[in-house]
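Residues per chain are reported as follows:
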Amino acid sequence: MARGKSDYFGLGYIVSVILAIIPVTSWLLGAITRLTEGKIVSFILRLVLGWNIIWICDLVLMIISKHILRLLNI
């Protein structure tokens, strides 16, 4: 990944953090990101569980490490 880029489709860090703060965009972009990586099980889990603890973890990890939570690599 290029320096200064973040996990949501290579968008800038500030834009990705703003998108991660909004629950609906975080849920949708997190699921789409996992789907584009070919992680179908993780995509389904994000669709089902993305409204709760995964959103909070995504937000914290996006601020700290510039990447969303990688729950499963399946």
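Not measured: the values here are computed from a predicted model.

### Observations concerning helix α2 (residues 23-36)
For step 1, the next point in the chain: When the terminal C-alpha atoms of α2 are compared, their 20 Å separation across 14 residues agrees well with the 20 Å that a helix rising 1.5 Å per residue should span.
For step 2, the next point in the chain: Among all positions of α2, only Ser26, Leu29, Gly30, Ala31, Thr33 and Arg34 are buried.
For step 3, the next point in the chain: Just downstream of α2 lies Gly38, where phi reads positive at about 80 degrees.

### Some points on empty space enclosed by the protein
For step 1, the next point in the chain: The tally for this structure, following the rule as stated, stands at one cavity of 30 Å³ or more.
For step 2, the next point in the chain: In this structure, the largest cavity encloses a volume near 50 Å³.
For step 3, the next point in the chain: What lines the largest cavity is simply Arg34, Ser42, Leu45, Arg46, Ile54, Leu69, Arg70 and Leu71.
For step 4, the next point in the chain: The element contributing the most residues to the lining of the largest cavity is helix α3 (residues 40-49), with three residues.
For step 5, the next point in the chain: The residue inventory of the lining of the largest cavity, partitioned by class, reads four nonpolar, one polar and three charged.

### Digging into the packing of aromatic side chains
For step 1, the next point in the chain: Tallied over the entire structure, the rule returns zero aromatic pairs.
For step 2, the next point in the chain: Lys66 extends its terminal NZ or CZ atom over the ring of Tyr13, reaching a point 5.0 Å from the ring centre.

### Details of the packing of helix α1 (residues 13-21) against α2
For step 1, the next point in the chain: In contact at an axis separation of 5 Å, α1 and α2 are set at 110 degrees when each is read in the N-to-C sense. Put simply, α1 runs roughly perpendicular to α2. Contacts between α1 and α2 pair Leu19, Ala20 and Ile21 from the former with Pro23, Thr25, Ser26 and Leu29 from the latter.

Rules behind the numbers
Position numbers for residues start from 1 in each chain and track the written sequence from start to end. Per-residue local features of the predicted model are confined to residues with pLDDT of at least 70, and side-chain atom pairs are confined, for both listing and counting, to 80 or more; whole-chain, interface and lining totals are unaffected and use all residues. Side-chain figures throughout are based on the complete set of non-hydrogen atoms in the structure, without hydrogens or water. A run of H or I in DSSP counts as a helix once it spans at least four residues, and a run of E counts as a strand once it spans at least two, with each numbered from the N terminus. A helix's residues, less one, multiplied by 1.5 Å, set its expected span. Summary of the burial criterion: residues with accessible area below 20% of their type's maximum are buried, those above 50% are exposed, and those between are partly exposed, where the area comes from a 1.4 Å probe applied to protein chains only. Think of a 1 Å grid over just the protein atoms. A cavity is a set of points where a 1.4 Å probe fits yet cannot get out, a pocket is an open set with protein on both sides within 12 Å along at least five of seven lines, and lining residues have an atom within 4 Å of a point. Grid points are joined across faces, edges and corners, and a volume is the space filled by probe spheres set on the points. Classes in brief: Ala, Val, Leu, Ile, Met, Phe, Trp, Tyr, Cys and Pro nonpolar; Asp, Glu, Lys and Arg charged; the others, Gly included, polar. Classification of ring pairs uses Phe, Tyr and Trp, with its six-membered ring standing for Trp, and accepts pairs whose centres are within 6.5 Å; under 30 degrees between planes counts as stacked, over 60 as edge-to-face, and the remaining range as tilted. Think of it as a cone above the ring: NZ of Lys or CZ of Arg counts as a charge over the ring if it is within 6 Å of the ring centre and within 35 degrees of the ring normal. Lines fitted to the C-alpha atoms define the axes, with helices restricted to the stretch that makes contact. Angles between their N-to-C directions range from 0 to 180 degrees. Here is the rule for angles: anything less than 35 degrees is roughly parallel, anything more than 145 is roughly antiparallel, 65 through 115 is roughly perpendicular, and the remaining ranges are oblique. Here a residue-residue contact requires only that any non-hydrogen atoms of the pair lie within 4.5 Å.

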